[in-house]
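This is what each chain is made of:
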Amino acid sequence: MVTRRLLDRLWAEGAAGRSWCRVRRAVRPAAPERRGEPAPEQRAVPPPAGAEPSDSLEAIAAEAAACTRCRLGALRTHAVPGEGARFPRIVFVGEAPGEDEDRQGRPFVGRAGALLTRMIAAMGFSREQVFIANVLKCRPPGNRSPEPDEIAACKDYLRRQLALLAPEVIVPLGAHAARWMLGDTVTISRVRGRVHVYGAAKVVPTFHPSYLLRKPEEKGKAWEDLQTAMRLLGLR
Ligand code: URA
């Protein structure tokens, strides 16, 4: 049982390496490979239902890099298609790249990304074992919220990625990702705390890491959601 104090230390910004390791050991589930099962990224995965046989993550990334479907294409430094394991058991979906992500072409590499990386580690995964994507592949100016027409223009990229990745669990981070998956009218506080379905995947919505940085008192609820995801993966 993870106490609140341990959890706070685990997700504390700039936590010293030593205390971080100690806490992580305390919460780390029995990893599949330690139970004699293949590591998550080594599973033999059947062909994903719904993916075009000729489609690939590389093709989607190349299309996003050249995309002019909405106004954001003219503003980007780099498109941020997403990154991670080719056959992840779990996919995290954020809202849109921010300034750091636009500069580097990688998802969740800023402050919110550092917190997401710690959340993923608390579940017993590395970033390389999961997949991290966004609803939008290009940065909205000034980090404003995505506009409905931008979400519609970008929709097919994430849909194709999820079909190829075929995860067991998807974790939408925040309202925009939850709406993308569960319908335009949902709010994150109404959908989190329950398990939903997207195709063959279970969906466990939780708060966006940026929100958790502003409202650290909500981290306990987010940890409950991540534990639900771990239970669905048989890791608890
Ligand atoms: N916030 C997001 O939603 N996505 C990122 O990639 C970074 C910050």
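Residues numbered from 1 in each chain as written. Predicted model: local features only at pLDDT ≥ 70, side-chain atom pairs only at ≥ 80, totals over all residues. Heavy atoms only, no water.

On to the packing of aromatic side chains, then. With the rule as written, the count across this model stands at 2 aromatic pairs. With 5.8 Å between their ring centres and 45° between their planes, Trp180 and Tyr198 make a pair best called tilted. Of this pair, Trp180 sits in helix H7 (residues 175-182) while Tyr198 sits in strand E5 (residues 196-198), and the two are 18 residues apart along the sequence. Taking the ring centre of Trp180 as reference, the NZ or CZ of Lys155 above it sits at 5.0 Å. (Phe/Tyr/Trp six-rings, centres within 6.5 Å; stacked < 30°, edge-to-face > 60°. Helix = DSSP H or I, 4+ residues; strand = E, 2+ residues; numbered from the N terminus. Lys NZ or Arg CZ within 6 Å of the ring centre and 35° of its normal.)

Along H7, the residues that are buried comprise His176, Ala177, Ala178, Trp180 and Met181. Where H7 is buried, its residues contact strand E2 (90-94), helix H6 (148-165), strand E4 (169-172), helix H8 (188-191), E5 and strand E6 (201-203). Just downstream of H7, Gly183 is the residue with a positive phi angle, here 120°. (Buried < 20%, exposed > 50% of the residue type's maximum accessible area, 1.4 Å probe, protein only. Contact = heavy atoms within 4.5 Å.)

On to the packing of H6 against H7, then. For any two helices packed against each other, the geometry comes down to the angle between their axes and how far apart the axes lie. Where H6 contacts H7, the two axes come as close as 12 Å, and the packing angle between them is 75°. Between H6 and H7, the crossing angle belongs to the class labelled roughly perpendicular. When H6 is examined against H7, the residues Ile151, Lys155, Leu158, Arg159 and Leu162 are found in contact with a partner set consisting of His176, Trp180 and Met181. Split by residue class, the contact of H6 with H7 holds 5 nonpolar, 1 polar and 2 charged. (Axes fitted to C-alpha atoms, helices over the stretch in contact; angles between N-to-C directions. Parallel < 35°, antiparallel > 145°, perpendicular 65-115°, else oblique. Nonpolar A, V, L, I, M, F, W, Y, C, P; charged D, E, K, R; others polar.)

Once that is clear, we can look at the pairing of strand E3 (residues 131-134). Both faces of E3 are covered, namely the face carrying Phe131 and Ala133 and the face carrying Ile132 and Asn134. Two elements, strand E1 (residues 83-84) and E3, share 2 bridges in a ladder whose sense is antiparallel. Paired with Gly84 across the strands is Phe131, a residue of E3. Pairing geometry for E2 and E3, over 4 bridges, is parallel. Considered in E3, the bridge of Val93 is made with Ala133. (Pairing = 2+ DSSP bridges.)

This paragraph deals with helix H5 (residues 111-122). The first and last C-alpha atoms of H5 sit 17 Å apart over 12 residues, in line with the 16 Å expected at 1.5 Å per residue. Residues Ala112, Gly113, Leu115, Leu116, Arg118, Met119, Ile120, Ala121 and Ala122 constitute the buried set of H5. (Expected span 1.5 Å × (residues − 1).)

Moving on, we come to the confidence of the model for the protein chain. Interpreting fine coordinate detail is not advised for predicted regions of low pLDDT. On average, residues of the protein chain carry a pLDDT of 87, and 79% of them reach 70 or more. In the model of the protein chain, helix H2 (residues 17-27) stands out as the element of lowest mean pLDDT, 37, in contrast to E3, which has the highest, 99. This model gives residues 14-48 a pLDDT under 50, and the stretch forms 52 contacts once residues within four places in sequence are excluded. (pLDDT = per-residue confidence, 0-100.)

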